[in-house]
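# Coordinates in review
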Amino acid sequence: MTTMTIAKAINAGLRRSLEENPKSLLIGEDIGRLGGVYRITDGLQADFGADRVIDSPLAESGIIGTCIGMALRGYRPVAEIQFDGFVFPGYNQITTQLAKMRARSEGRLTVPVVIRIPYGGGIGSVEHHSESPEALFAHTAGLRIITPSNAQDAYWMTQQAIECDDPVIVFEPKRRYWLKGEVDTERPAGDPFQAQVVREGHQATIVAFGPMVPVALAAADAAEEDGYSIEVVDLRSISPIDFDTVVASVEKTGRLIVTHEAPTFGGIGGEIASRVSERAFLSLEAPVLRVGGFHMPYPVAKVEEDYLPDIDKLLEALDRLFTY
Amino acid sequence: MATSAEAAVAGEEQLLQLLDENGQRTEHARLAAYVEDVDAEALRGMYRDMALTRRFDVEATALQRQGQLALWVPCRGQEAAQIGSGLATRAGDYIFPTYREHGVAWTRQVDFAEMLRIFRGVSNGGWDPRENNFHMYTMVLAAQTLHATGYAMGINQDQRGWDAERRAADGDAVVAYFGDGASSEGDVHESMVFAASFDAPIVFFCQNNQWAISVPFEVQSKVPLASRAAGYGFEGLRVDGNDVLACLAATRYALDKARSGRGPVLIEAVTYRMSAHTTADDPTKYRLSTEEESWAPKDPLTRLETYLRQSGQADDAFFEQVAADADEMAAGVRAKAFTFPDPVLADSFNNVYAEAHPLIREESEWFRQYEAGFADNQTGGAR
Ligand SMILES: Cc1ncc(C[n+]2csc(CCOP(=O)(O)OP(=O)(O)O)c2C)c(N)n1
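Scope of this entry: the structure provided in the associated data block. (Residues numbered from 1 in each chain as written. Chains lettered and ligands numbered in written order. Predicted model: local features only at pLDDT ≥ 70, side-chain atom pairs only at ≥ 80, totals over all residues. Heavy atoms only, no water.)

## Re the overall build of chain B
Definition in use: Helix and strand labels come from DSSP, where a helix needs a run of H or I of at least four residues and a strand needs a run of E of at least two; each type is numbered from the N terminus. Values of the radius of gyration come from C-alpha atoms, whereas the globule rule sets the reference at 2.2 Å times the count of residues to the power 0.38. Think of it in three bands: with a 1.4 Å probe and only protein chains considered, a residue is buried below 20% of the maximum accessible area for its type, exposed above 50%, and partly exposed in between. In this analysis, two residues are considered to be in contact whenever any of their non-hydrogen atoms come within 4.5 Å of each other. In this description, accessible areas are obtained by the Shrake-Rupley approach with a 1.4 Å probe, and a residue is regarded as covered only by the protein chains that are shown. For the charge count, each Lys or Arg is scored as positive and each Asp or Glu as negative, with His and the chain ends excluded. The atom standing in for a charge is NZ when the residue is Lys, CZ when it is Arg, CG when it is Asp and CD when it is Glu.
What chain B contains, in helices and strands, is 18 helices and five strands. Relative to a compact globule of 383 residues, whose C-alpha radius of gyration would be 21 Å, chain B shows 23 Å and is just as compact. Evaluated residue by residue, chain B yields a buried proportion of 54% over its 383 residues. Across chain B, contacts joining residues at least 24 apart in sequence account for 75% of those joining residues at least 6 apart. Here chain B displays about 16200 Å² of accessible surface, and carbon together with sulfur accounts for 50% of that area. Averaging the locations of the 35 positively and 57 negatively charged side chains of chain B gives two centres separated by 1 Å.

This is the structure:
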């Protein structure tokens, strides 16, 4: 067991993949000599060379599209997109090409491309640096989407994504890059596409993922002081979603809040609410509530505190949940 | 006096050529060296490939008219560009086509009938790309040019540590096909930037058939496309795309260069789409019949036929035999197209992901039960 930040854990996970799999390689803007704008790939080019850790031209469609070609040639490319808001020039390649290559070829071709995207707000940045576009990608069949919320998951899920034969988008919670946690480099984190109950409780469930997991845990602690017993589920995988774990938790607690930073409208929370009402209707003591962002472009840094779901917004939702 | 850009738009710029409009061999020392081995038999083979491609195209068009295909994308007029460039490749080279490269596919031993699967609506792919190193067709314009570049970067990755000589002898290369319209897409730009940055062994083969759908070439570019290559730092060649010999020679030259690690090459094959863009298109709405007529004498098949006849390398018997073979092939293609079984949606669930996926499992199970309910009703079975 060693303690490290999420950033360091991802770096260590990438390093281990590069060591163990000669076909894995990294590509992205500024990831080589600089080590990425978040320094996630720090030191990797120095150790593995410019052919394995590739500084690409500044072109997102180019990065994703060439990753597809490299994967067709037998490689396992890991692309870094510099910021969430800049993935869109590559959106065409991701949704029309990467996601569909396997289906179009009737299962003959696999394109094991990993796309790492730092996402979410709370870092006081300028526009297009704080977005949460996970639902846009989750709607496309053929992609897998995961998001670690702690160092142990960051270390292992990074490697698991690279080993996966399907294209995987890893949304990395950028405001948690410096969050420290224990990493057991011997014991894998388990199936990356399964949710985890990270806090037991019996009166309500909060489902969160990525950057919102620590917020959900803190809200659950605060609610406990008021006498409530709240369970927290870390979704970990946004596509597929492990509904079994979510439903099992709701069957136990009877109440559910889903929270994410992305706008509530059309978000992952709606999908979970709908599924839970289908599968656990009779267990529900209250409607499923969603706590997310507003339907507006991510706001300027000075007011992002008001925009982001926080402990108080979750407690307010819990209050409403218990009025039923 | 016209500026060079004006001349280019008017198509007046000198084209690399080995066989002119009248079916006469022309001089070009640099290119000619690349077709020295092409003897009478090889020439007849090229004619045959072009004739079969054209006959296939006619048959597919007829099948569409008869309601047997949802759509057809004709390649009439582009046979020389496709057969010439396709024959220049080696088995280990990987080709990324757009959606009109039926002749290239033929040179890669992709079965003509299999190519109808897409247009008959029974597949979005149709053939195994790995069998002939001929990728699936791509409907999103220009997307495949990046895949081609990435694949070529992968070849470089394979060859790390090789010396240049070994690489020249053994290296695979890639050809990416796209059209003059697609050349406006950002992906083409990005693919050329990446290819140049990483010295990828790739040949960009643009068939400039003068039209996107209804938009003419001059709206896509003010300069010959070949001249754009200089801006990326590699070589561009402007070739007579209706001259099969020149297309063969230029592509061989470009592939040699690419696979020896001397960087990518862009070939602009200047040709003409003689028929509609697709069977859903109506070219009378946007182009003059005089334009079509002006290209008729440049027909790639007539040109090679004239040369073969005048040089005594083929006679009536040969051309009659090719026509008979083509008819037989077309009948075979037609018969085979009718044997494609209808796909079942249930199978589509199997190909979305490589690894087990709970949502797919859930939805396919639901669909299975839903369909089973109808089966009961049809057989009248009471439960
Ligand atoms: C990204 C994209 N935009 C639009 C279309 C619709 N479309 C299909 S073919 C075509 C024209 C293509 O022209 P060109 O690249 O010159 O190739 P050609 O068909 O002439 O061979 C258009 C606009 C498409 N397939 N993909």
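From this point, the narrative continues.
## As for the packing of helix α3 (residues 60-72) of chain A against helix α4 (residues 91-98) of chain A
All names here are of chain A. Under the convention used in this document: Think of each axis as a best-fit line through the C-alpha atoms, taken over the contacting stretch in the case of a helix, with angles from 0 to 180 degrees between the N-to-C directions. In what follows, roughly perpendicular refers to angles from 65 to 115 degrees, roughly parallel to angles under 35, roughly antiparallel to angles over 145, and oblique to any angle outside these ranges. Note on residue classes: Ala, Val, Leu, Ile, Met, Phe, Trp, Tyr, Cys and Pro are nonpolar, Asp, Glu, Lys and Arg are charged, and everything else, Gly too, is polar.
Two elements in contact, α3 and α4, have axes separated by 7 Å at closest approach and are oriented at 25°. Judged on the interaxial angle alone, α4 and α3 are roughly parallel. Across the interface between the two elements, Ser 61, Ile 64, Gly 65 and Ile 68 from α3 touch Gln 93, Ile 94, Gln 97 and Leu 98 from α4. For the contact of α3 with α4, the per-class residue count stands at four nonpolar, four polar and no charged.

## Section: the sheet that holds strand β9 (residues 196-199) of chain A
Hydrogen bonds between backbone atoms are what pair the strands of a sheet, whose relative direction is either parallel or antiparallel. Residues and elements named next belong to chain A. We count it as follows: Criterion used throughout: strands pair if DSSP finds at least two bridges between them.
Sheet architecture is open: five strands sit in the order β9-β11-β10-β13-β14, paired in mixed fashion. Here the strands that pair on one side only, and so sit at the sheet edges, are β9 and β14 (289-293). For this sheet, the mean angle separating the axes of adjacent strands, direction not counted, is 25°. Pairing of strand β13 (residues 256-263) with β14, which is carried by four bridges, proceeds in the parallel orientation. By the bridge assignment for β14, Thr 259 is matched with Val 291. Each of β10 (204-208), β13 and β14 is contacted by helix α10 (residues 268-279), which is oriented at about 155° to β13, the strand it contacts most.

## Concerning the interface of chain A and chain B
Rules: Put simply, buried area is how much 1.4 Å-probe accessible surface two parts lose in total, over both of them, once they are put together. Throughout this description, the term salt bridge denotes a Lys or Arg side-chain nitrogen within 4 Å of a carboxyl oxygen of Asp or Glu. Under this definition, polar contacts are N or O atom pairs within 3.5 Å; protein pairs additionally need one hydrogen-donor-capable and one acceptor-capable atom, and for neighbouring residues in sequence, both atoms have to be side-chain atoms.
Contact residues are listed per partner, giving 47 residues for chain A and 46 residues for chain B. Where chain A abuts chain B, roughly 3700 Å² becomes buried across the two surfaces, and 55% of that area is made up of carbon and sulfur atoms. Among the residues of chain A in contact with chain B, Arg 73, Arg 104 and Arg 108 of chain A are the three that bury the most area, contributing 20% of the side total. If you look at where chain A meets chain B, you find five salt bridges. With its nearest N and O atoms 4.0 Å apart, the salt bridge here joins Asp 128 of chain B to Arg 108 of chain A. Between chain A and chain B we count 27 residue pairs in polar contact (both at pLDDT 80 or more) in total. Of all the secondary-structure elements, those providing two or more residues to the side of chain A that touches chain B are β2 (24-28), β3 (53-55), α3, α4 and α5 (101-104) of chain A. Looking at which element gives the most residues to the side of chain A that touches chain B, the answer is α3 of chain A, with ten residues. Of the residues contributing to the side of chain A that touches chain B, the split by class is 17 nonpolar, 16 polar and 14 charged.

## Here's the deal with the pairing of strand β2 (residues 174-179) of chain B
A regular strand places its side chains on the two faces of the sheet in alternate fashion. Residues and elements named next belong to chain B. Here is the rule: Crossovers are described as right-handed under a simple rule: with the strands pointing away from the observer, the path leading from the first strand over the helix to the second runs clockwise.
Within β2, five of the six residues are buried, which leaves the element mostly enclosed by the surrounding structure. Bridge count for strand β1 (residues 94-96) against β2 is three bridges, and the pairing is parallel. When the sheet's bridge partners are listed, Phe 96 is paired in β2 with Ala 176. Relative to strand β3 (residues 202-208), β2 runs parallel, the two being bridged by six bridges. When the sheet's bridge partners are listed, Tyr 177 is paired in β3 with Phe 205. Regarding the hand of the β-α-β motif, the stretch spanning β2, helix α10 (residues 186-197) and β3 is right-handed.

## A short note on the state of the cysteines
All names here are of chain A. Definition in use: Disulfide: a pair of cysteine sulfur atoms within 2.5 Å of each other.
In total, this model carries zero disulfides over all chains according to the counting rule given. Here Cys 67 stays free of any disulfide, with the sulfur of Cys 164 as its closest cysteine sulfur at 15 Å. Residue Cys 67 is classed as buried on the basis of its relative accessible area of 0%.

## Some thoughts on the site of the ligand
Residue and element names in this part refer to chain B. Note the following rule: The near set for a molecule or strand comprises every residue that places at least one heavy atom within 4 Å of it.
Tyr 99, Arg 100, Met 139, Gly 181 and Ala 182 are the nearest of the 15 residues found near the ligand. Between the ligand and Gly 181, the relevant distance is 2.7 Å, taken from an oxygen atom to a main-chain nitrogen or oxygen of the residue. In this structure, Trp 211 approaches the ligand through a main-chain N or O atom, which is 2.9 Å from an oxygen atom. Burial of the ligand by the protein chains amounts to 70% of its free accessible area of 580 Å². Residue composition of the shell around the ligand, grouped by class: eight nonpolar, four polar and three charged.

## Section: a nonpolar patch on the surface
Note the threshold: Patch building starts from residues that exceed 30% relative accessible area and form no salt bridge, then joins like charges within 9 Å and nonpolar side chains (Val, Leu, Ile, Met, Phe, Trp, Tyr) within 5 Å.
Taken together, the side chains of Trp 366, Tyr 370 and Phe 374 of chain B make up a nonpolar region of the molecular surface, amounting to roughly 360 Å² of accessible area. Structurally, Tyr 370 of chain B is set in helix α18 (residues 358-379).

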